[in-house]
Amino acid sequence: MKNLILLGPPGAGKGTQARTLCEKYGFVQLSTGDMLREAKKDETDLGRKVAGIMAKGELVTDEIVIGLIEKKLTNDENEIGFIFDGFPRTLAQADALGNLLDSIGQSLDHVVELFVDDEKLVQRIIGRFTCSSCGELYHKITKPPENAGICDVCGSKDKFNFRQDDNEVSLKIRLLAYYRDTSPLIGYYHVLNKLRKINGLGSVDEIQNNIRNIIK
Ligand code: AP5
């Protein structure tokens with residue numbers, strides 16, 4: 001088994017790369033952002049509690065996200081490995097992940113940092129939308145559906161979603177949270193000799209190949 005963290009600011013391409021790695025190689029994607037959005041959609045107590053925090057672009061509490069990951073790690077069947085996307089985001093979350101992996105007899109193999117400059121991140125985030133049926137990611141300019149209004153992957157004509165926090169005001173707060181709370185993890189994993197840096201500005205396939213070279 002190989003367990004991998006994709007680390008990077010909003011719009012670095014963590015979700016895009018995690019989805020492809022899961023489709024191609026059978027990894028299990030654990031995205032705390034997706035889990036929290038799911039809870040919001042299903043109108044659970046948790047969803048109601050975190051909705052305002054997420055819309056503003058602030059971080060949800062460590063206790064909540066660690067609880068979500070713990071549930072998945074102890075319940076999900078998996079023989080290939082986990083890709084952590086958007087988790088950990090604080091030093092407390094990183095410590096908790098190490099302990100959780102220990103407790104199930106596993107370890108962390110690699111932390112891949114995707115770096116992209118802020119200006120590009122803003123362009124990516126502001127144009128992003130997803131298919132509401134299968135979750136495929138699109139971008140208004142760089143990756144529109146081949147036929148307008150129809151998902152390339154599942155053919156759904158249902159609806160495309162824009163995220164509530166994908167606006168310039170929330171994005172500024174998300175970037176601030178990244179540099180303040182999450183970027184210390186770069187040093188944390190460097191010291192543990194797990195960190196690998198990848199330029200997140202190439203094509204999706206180029207970046208995918210670079211990640212594959214690290215994990216093979
Ligand atoms: P989360 O959902 O994790 O959002 P994020 O970290 O801000 O990351 P994004 O999903 O915005 O970006 P991404 O790197 O996945 O980029 P993507 O592949 O989509 O978290 C949302 C919120 O939930 C947080 O703000 C917080 O409130 C809460 N939360 C979640 N986890 C938490 C935690 N652990 N602790 C506390 N709170 C937590 O790509 C973006 C766009 O770029 C797409 O349109 C895509 O098509 C395009 N693109 C991707 N790659 C390329 C490329 N190579 N070339 C050109 N375009 C590209």
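Residues numbered from 1 in each chain as written. Predicted model: local features only at pLDDT ≥ 70, side-chain atom pairs only at ≥ 80, totals over all residues. Heavy atoms only, no water.

Participant: Please explain helix H2 (residues 32-41) as it appears in this structure.
Facilitator: The periodicity of an α-helix, 3.6 residues per turn, causes residues three or four places apart in sequence to face the same way. Buried within H2 we find Thr32, Gly33, Met35, Leu36 and Ala39. One face of H2 carries all of its buried residues, which in axial projection span an arc of 165°. Buried residues along H2 sit in contact with strand E2 (28-31), helix H3 (45-56), helix H4 (62-75) and strand E3 (82-85). (Buried < 20%, exposed > 50% of the residue type's maximum accessible area, 1.4 Å probe, protein only. Helix = DSSP H or I, 4+ residues; strand = E, 2+ residues; numbered from the N terminus. Arc of directions from axis to C-beta. Contact = heavy atoms within 4.5 Å.)

Participant: Looking at this structure, I do not really get the site of the ligand. What am I missing?
Facilitator: Around the ligand lies a shell of 34 residues, among which Thr16, Glu58, Arg89, Arg128 and Arg174 are the nearest. A distance of 2.8 Å is found between an oxygen atom of the ligand and a backbone nitrogen or oxygen belonging to Gly15. In isolation the ligand has 1000 Å² of accessible area, and contact with the protein removes 94% of it. For the shell around the ligand, the element with the highest residue contribution is H2, accounting for 4 residues. Within the shell around the ligand, the residues separate by chemical class into 14 nonpolar, 11 polar and 9 charged. (Near = heavy atom within 4 Å. Polar contact = N/O pair within 3.5 Å; in protein donor to acceptor, adjacent residues only side chain to side chain. Areas by Shrake-Rupley, 256 points an atom, 1.4 Å probe, with all protein chains shown as cover. Nonpolar A, V, L, I, M, F, W, Y, C, P; charged D, E, K, R; others polar.)

Participant: Would you mind showing me how to read unusual backbone geometry here?
Facilitator: The bulk of non-glycine residues show a negative phi, and the bulk of peptide bonds are trans. With omega at -5°, the peptide bond leading from Phe87 into Pro88 counts as cis. Assignment of secondary structure puts Pro88 in the loop between E3 and helix H5 (91-103). Despite not being glycine, Glu43 has its phi angle at roughly 55°, a positive value. Note on placement: Glu43 falls in the loop between H2 and H3. Here Glu43 falls in the exposed class, since its relative accessible area comes to 56%. We note that Asn193 has phi near 65°; this positive angle belongs to a residue other than glycine. Relative to the elements of secondary structure, Asn193 occurs in the loop between helix H8 (184-191) and strand E8 (195-199).

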